[in-house]
Amino acid sequence: ARLAKSEAALRLTEKQLAESAASRRQLLNELLDLKGKIRVMCRVRPVSEEEEAQEQAAGEGAMEPPLAFDAEETDNERSKILIKRTGRDPETFSFDKVWRSEMTQVDVFKEVSLLVQGAVDGYRVCVFAYGQTGAGKTYTMLGAGEQTHCGIIPRAMHQMFQTTHDLRRQGWDFTMVGSMVEIYNEELRDLLGDGSHRSHQITHSADGRTSVSDLTLWEVTTPEMFQSMYAKAMQARSTGSTLMNTHSSRSHCVFTIQVRGENPVKGGKVHGVLNLIDLAGSERVSKSGATGDRLKETQHINKSLSSLGDVFAKLAEGSATHIPYRNSKLTYLLQPCLGGNSRTLMIVNVSSAKESAEETLATLRFASKTLLILKDRGPGDCLRTVNKLNVAKWV
């Protein structure tokens, strides 16, 4: 009798756990919908010691910095950045959140963690790091050095390992398959391959799944395996030197984890995709000093970033019959994970250095274009945002 009673109690506990997990997934989905399917946040990089020394040498130490902040939080939790320029009216830009220069990697990942959980629950997710060369995109995505400086990618993988491990106790079985590619001069390169320059073809199935021919896929079962995959990819990534950054990323890097889960007992299945994208640095040719191969790279980078903005603008129309995904390899690769029922976060990285003021302004203007898609926040909100940001003057 005691055994039967214990078994009944166990079955009841398992049922309650399953119901709790289903309720959590539903509540998370509702929360992400309320926050917005596409969100735009801004991270400000602090002035480096070298930049501070240059400003002091130029006699600019007493000048007011170009970036200012409005501490007021509006009803929908947006934050504001104010750009000040000598002899011109200031321009204000609103975002879902602004991470000031003193904010840490932990602070940034708090916003990303819900999206990572969404991918485990079966959603398609994209997180972009966008901004001018040297603004801290790669640091935001990859991090540097010790654990406290880990970026979004290693933190996301740690969360996924922990979450899938916990769900296995409820009868779920998960597989995670990773890939890492770069898009360099509109050519897709396999960062986990053997180094040969093969031609990779992108195809999308009717149910929205993406395939890339001859792409190396790693089944990621342990943190150590992820570290090996990550290290191999980073060694192969294209970087170069410009006047704006001595170690500038010259390609878009796309890290993708496909998560498949199945619960044979409960009959549940999920298939989520997490795309973490470290975009190449945007820059003006006149400022970067790019020539030859670097000039070609810059032109391809700026064109593909413009194409990404065009896709967001068309998605914002809602009724657009044609969305120009094919205008760049980046948007075509990510097509099923943009728009629709997917979740997207654009992290706009800007520098607070005085010498980067014009590039910062151009970055913020591009980001304001992405805000056009946030019309699901409520009737008229998109129009108010457009009027506030004066987005008729793109750089």
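Rules used in this analysis
- Residues numbered from 1 in each chain as written.
- Predicted model: local features only at pLDDT ≥ 70, side-chain atom pairs only at ≥ 80, totals over all residues.
- Heavy atoms only, no water.
- Buried < 20%, exposed > 50% of the residue type's maximum accessible area, 1.4 Å probe, protein only.
- Helix = DSSP H or I, 4+ residues; strand = E, 2+ residues; numbered from the N terminus.
- Pairing = 2+ DSSP bridges.
- Core = buried A, V, L, I, M, F, W, Y, C linked by side-chain atoms within 4.5 Å.
- Contact = heavy atoms within 4.5 Å.
- Expected span 1.5 Å × (residues − 1).
- Axes fitted to C-alpha atoms, helices over the stretch in contact; angles between N-to-C directions.
- Parallel < 35°, antiparallel > 145°, perpendicular 65-115°, else oblique.
- Left-handed = near helix turned anticlockwise from the far one by under 90°.
- Nonpolar A, V, L, I, M, F, W, Y, C, P; charged D, E, K, R; others polar.
- Bend = angle between axes of the 7 residues up to and from the residue.
- Phe/Tyr/Trp six-rings, centres within 6.5 Å; stacked < 30°, edge-to-face > 60°.
- Polar contact = N/O pair within 3.5 Å; in protein donor to acceptor, adjacent residues only side chain to side chain.

Caption draft 1: Summary view of the pairing of strand E4 (residues 91–95). The buried count for E4 comes to four of five residues, which makes it a mostly enclosed element. The sheet contact formed by strand E3 (residues 79–83) and E4 spans five bridges and is antiparallel. For leucine 82, the partnering residue across the bridge sits in E4 and is threonine 92.

Caption draft 2: Molecular detail of the nonpolar core. The biggest cluster of nonpolar side chains holds 43 residues, and the ones touching the most others in it are Phe95, Phe128, Leu338, Met346 and Val348. Per element, the largest residue contribution to this core is six residues, and it comes from helix H8 (residues 292–317). If we skip the residues at most four places from it in the chain, phenylalanine 128 touches Met141, Ile277, Leu279, Leu308, Phe312, Leu334, Leu338, Thr344, Leu345, Met346 and Ile347.

Caption draft 3: A look at helix H5 (residues 152–168). Helix length check: H5, at 17 residues, gives a terminal C-alpha distance of 24 Å against a target of 24 Å (1.5 Å per residue), a fit within 8%. Most of H5 sits out of view: twelve of its 17 residues are buried. Along H5, the residues classified as buried are Ile152, Ile153, Pro154, Arg155, Ala156, Met157, Gln159, Met160, Phe161, Thr163, Thr164 and Leu167.

Caption draft 4: Focus on the packing of helix H3 (residues 105–120) against H5. Here H3 crosses H5 at 45°, and the two axes come no closer than 9 Å. In terms of orientation, H3 and H5 fall into the oblique class. The hand of the H3/H5 crossing is right-handed. Mapping the contact onto sequence places Gln105, Val106, Val108, Phe109, Val112, Ser113, Val116, Gln117 and Val120 in H3 and Ile152, Arg155, Ala156, Gln159, Met160, Thr163, Thr164 and Leu167 in H5. Residues that form the contact of H3 with H5 fall into these classes: ten nonpolar, six polar and one charged.

Caption draft 5: Broad picture of H3. With 16 residues, H3 should reach 22 Å at 1.5 Å per residue; the first-to-last C-alpha distance of 22 Å fits that figure. At glutamate 111, H3 shows its strongest bend, of approximately 40°. Most of H3 is tucked away, with twelve of its 16 residues classed as buried. For H3, every residue scored as buried is listed here: Gln105, Val108, Phe109, Glu111, Val112, Ser113, Leu115, Val116, Gln117, Gly118, Ala119 and Val120. One or two positions beyond H3, positive phi appears at glycine 122, with a value near 115°.

Caption draft 6: Region of the structure containing the packing of aromatic side chains. Under the criterion given, the structure shown has four aromatic pairs. Consider the rings of phenylalanine 128 and phenylalanine 312, whose centres lie 6.3 Å apart with planes at 80°: the pair is edge-to-face. Of this pair, phenylalanine 128 sits in strand E6 (residues 124–131) while phenylalanine 312 sits in helix H8, and the two are 184 residues apart along the sequence. Measuring from ring centre to ring centre gives 5.9 Å for tryptophan 172 and phenylalanine 174, while their planes differ by 25°; the resulting arrangement is stacked. This pair shows no difference in class: tryptophan 172 is buried, exactly as phenylalanine 174 is. Through pairs of rings, three or more aromatic residues link up here, namely Phe226, Tyr230 and Phe255.

Caption draft 7: Spatial organisation of the side chain of histidine 271. Within the secondary structure, histidine 271 sits in strand E15 (residues 268–278). At 3.4 Å, the side chain of histidine 271 and the side chain of arginine 209 are in polar contact. A polar side-chain atom of histidine 271 sits 3.1 Å from a polar atom in the side chain of glutamine 258. Residues within four places of histidine 271 in sequence aside, it is in contact with Gly122, Arg209, Gln258, Val259 and Arg260.

Caption draft 8: Spatial organisation of the side chain of threonine 363. In this fold, threonine 363 is placed in helix H10 (residues 357–370). Contact partners of threonine 363, with chain neighbours within four places excluded, come to Tyr130, Gly131, Gln132, Ser282, Val348, Asn349 and Val350.

Caption draft 9: A look at the environment of threonine 344. With respect to the helices, strands and loops of the structure, threonine 344 is situated in strand E16 (residues 343–351). If sequence neighbours within four positions are ignored, threonine 344 has contacts with Lys37, Ile38, Arg39, Cys126, Phe128, Phe312, Cys337 and Leu338.

Caption draft 10: Structural view of unusual backbone geometry. Phi angles above zero are rare outside glycine, and asparagine 185 is one such case at about 50°. Structurally, asparagine 185 can be placed in the loop between strand E7 (173–184) and strand E8 (187–190). Although it is not a glycine, glutamate 186 sits at a positive phi angle of roughly 65°. When you line up the elements, glutamate 186 lands in the loop between E7 and E8. Residue glutamate 186 is classed as partly exposed on the basis of its relative accessible area of 25%.

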